[in-house]
Amino acid sequence: MSGLLAGKRLLITGIITDASIAFAVAKLAQENGATVVLTGYGRLSLVERIARRLPEPAPVIELDVTNPEQLAGLAGKVREHVDGLDGVVHSIGFAPQSCLGGGFLDAPWEDVATALQVSTYSYKSLATACLPLMGEGGSVVGLTFDATKAWPVYDWMGVAKAGLESASRYLALHLGKQGVRSNLVSAGPLRTMAAKSIPGFEQFEEAWADRAPLGWDLTDQEPTARAVCALLSDWFPATTGEIIHVDGGYHALGA
């Protein structure tokens, strides 16, 4: 077995379709020697069907990141397939419709709380649930969308991503003593299921295609997947609390 991730055991969340960033990560990770375990929420049969499109079979574990019992049992479920973990990928985000599309001022706290629990707090929840399986050199990688700016229509999901970015830094602080890293990849807009659920998201697409210095392909998840796999590998042993931008350079430009 050879490749950047040879021998690595990875838990990857967030596959919904084969256009998901998580699917691209799982595929590339397998091609680079990793053993992959997936989690799914809701329609597990759908995730299992999509998983069969990967180069190698990958087991799917049910996981609702807001369910304390499922989080408490996650390590045991993972041990049924691998004897430990070297990396975890958090590709989870959700906000009720009231929190997106221009409803920032009107979204009720109950909906905002849901967005923050699923999109932000779950990063910590997932990491700590997997910690009994991880040793020195482990890597937790999440996905964000540049939260240094306020974006039209992104609204409370933007706030949730800002919290995610802060949570990753605090996770880096608290897990560092165990030799476990926490980093995020900030991807440009991609035509995933999550993006399609945001009213007016095409505004991002038009801006990126026109202005990114390197250009931007809205349908190509591989550059983002490559960055995630690199952070899961041993090639960034002293990098933690970082955000790697994979957006064609758009973030570097002025308004």
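As recorded by an unreviewed UniProt entry, the protein chain carries the name Enoyl-[acyl-carrier-protein] reductase [NADH] and is attributed to Couchioplanes caeruleus subsp. caeruleus. In UniProt, the protein chain has this text filed under Catalytic activity (unreviewed entry): "a 2,3-saturated acyl-[ACP] + NAD(+) = a (2E)-enoyl-[ACP] + NADH + H(+)". Word for word, the UniProt comment on the protein chain under Sequence similarities (unreviewed entry) is "Belongs to the short-chain dehydrogenases/reductases (SDR) family. FabI subfamily."

A. Summary view of the nonpolar core. One finds I12, V25, V36, L38, V185 and V228 to be the most contacted residues of the largest nonpolar core, which totals 52 residues. Put simply, the parts of the chain that give this core at least two residues each are β1 (9-12), α1 (21-31), β2 (35-40), α2 (44-51), α4 (109-130), β5 (134-144), α5 (155-175) and α8 (222-232). The element best represented in this core is α1, accounting for eight residues. Among the nonpolar cores identified, the runner-up in size contains 29 residues, and L85, Y123, A127 and C130 belong to it.

B. Spatial organisation of the sheet that holds β1. In spatial order, the strands read β3-β2-β1-β4-β5-β6-β7; together these seven strands make up an open sheet with parallel pairing. Among the strands making up the open sheet, the edge pair consists of β3 (60-62) and β7 (243-246). Averaged over all neighbouring strand pairs, the angle between strand axes comes to 20 degrees, with direction disregarded. By the bridge criterion, four bridges tie strand β6 (residues 181-187) to β7 in an arrangement that is parallel. Residue pairing in the sheet places L184 in a bridge with I243 of β7. Here helix α3 (residues 68-79) sits on the sheet in contact with β1, β3 and β4 (85-90), set at roughly 155 degrees to β3.

C. Focus on unusual backbone geometry. Notably, V153 is not glycine yet its phi reads approximately 70 degrees, a positive angle. Mapped onto the elements of the fold, V153 is located in the loop between β5 and α5. Residue V153 is classed as buried on the basis of its relative accessible area of 11%. Of note in the backbone geometry, D155 takes a positive phi value of approximately 50 degrees without being a glycine. Checked against the element boundaries, D155 lands in helix α5.

D. Inspection of the environment of T224 at higher detail. Mapped onto the elements of the fold, T224 is located in helix α8. Between the C-alpha atoms of T224 and V246, which are 22 residues apart in sequence, the distance is 5.9 Å. Beyond its immediate sequence surroundings of up to four residues, T224 is in contact with I21, L143, V185, A187, L190, W216 and V246.

E. Representation of α4. With 22 residues, α4 extends 30 Å from end C-alpha to end C-alpha; this agrees with the ideal 32 Å at 1.5 Å per step. Remark: the principal bend of α4, roughly 55 degrees, maps to S122. Of all the residues in α4, the buried ones are V112, A115, V118, S119, T120, S122, Y123, S125, L126, A127, A129 and C130. Close packing links the buried residues of α4 with β1, α3, β4, β5, α5 and β6.

F. Representation of the UniProt feature "binding site: substrate" (unreviewed entry) in the protein chain in the model. Those residues carrying the UniProt feature "binding site: substrate" (unreviewed entry) are A95 in this numbering. Along the chain, A95 turns up in the loop between β4 and α4. Beyond its immediate sequence surroundings of up to four residues, A95 is in contact with L100, A115 and M157.

G. Highlighting the side chain of Q221. Of note, Q221 is situated in the loop between α7 (202-211) and α8. Only 2.9 Å separates the side chain of Q221 from the backbone oxygen of A19, close enough to count as a polar contact.

H. Representation of the packing of α3 against α4 within the structure. Their axes nearest at 8 Å, the elements α3 and α4 cross at an angle of 40 degrees. Here α4 runs oblique to α3, going by the angle between their axes. For the crossing formed where α3 meets α4, the hand is right-handed. Within the contact between the two elements, α3 uses L71, L74 and A75 and α4 uses S125, L126, A129 and C130. A class-by-class count of the residues in the contact of α3 with α4 yields six nonpolar, one polar and no charged.

The rules we used
- Numbering of residues starts from 1 in every chain and runs along the sequence as written.
- Local features are withheld for residues below a pLDDT of 70 in this predicted model, meaning they are given only at 70 or higher, and side-chain atom pairs are given and counted only at 80 or more; totals for whole chains, interfaces and linings count all residues.
- Remark: hydrogens and water are excluded; side-chain values derive from all non-hydrogen atoms of the structure.
- UniProt positions are given in the numbering used here, feature names are shortened, and annotations may be inferred rather than shown by experiment.
- Here, nonpolar core refers to any group of buried Ala, Val, Leu, Ile, Met, Phe, Trp, Tyr and Cys residues whose side-chain atoms link them within 4.5 Å.
- When a residue's accessible area, from a 1.4 Å probe over protein chains only, is under 20% of the maximum for its type it is buried; when over 50% it is exposed; and in between it is partly exposed.
- Runs of E in the DSSP output that reach at least two residues are strands. Runs of H or I that reach at least four are helices, and both are numbered from the N terminus.
- In this analysis, strands are considered paired if DSSP registers two or more bridges between them.
- Helix axes are fitted to C-alpha atoms over the stretch in contact, other axes to C-alpha atoms as well, and angles between N-to-C directions run from 0 to 180 degrees.
- Should any heavy atoms of two residues lie within 4.5 Å, those residues are counted as being in contact.
- For a helix, the expected span equals 1.5 Å multiplied by the residue count minus one.
- Take the seven residues that end at a residue and the seven that start at it, fit an axis to each, and the angle between those axes is the bend at that residue.
- Contacts described as polar in this section are N or O atom pairs within 3.5 Å, which, within protein, must combine one atom able to donate a hydrogen with one able to accept it, while residues neighboring in sequence count only if both atoms come from side chains.
- Each angle receives one of four descriptions, namely roughly parallel if under 35 degrees, roughly antiparallel if over 145, roughly perpendicular if within 65 to 115, and oblique otherwise.
- In this scheme the crossing of two helices becomes right-handed for a clockwise turn of the near helix relative to the far one and left-handed for an anticlockwise turn of less than a right angle.
- In this classification, Asp, Glu, Lys and Arg are treated as charged, Ala, Val, Leu, Ile, Met, Phe, Trp, Tyr, Cys and Pro as nonpolar, and every other residue, Gly included, as polar.

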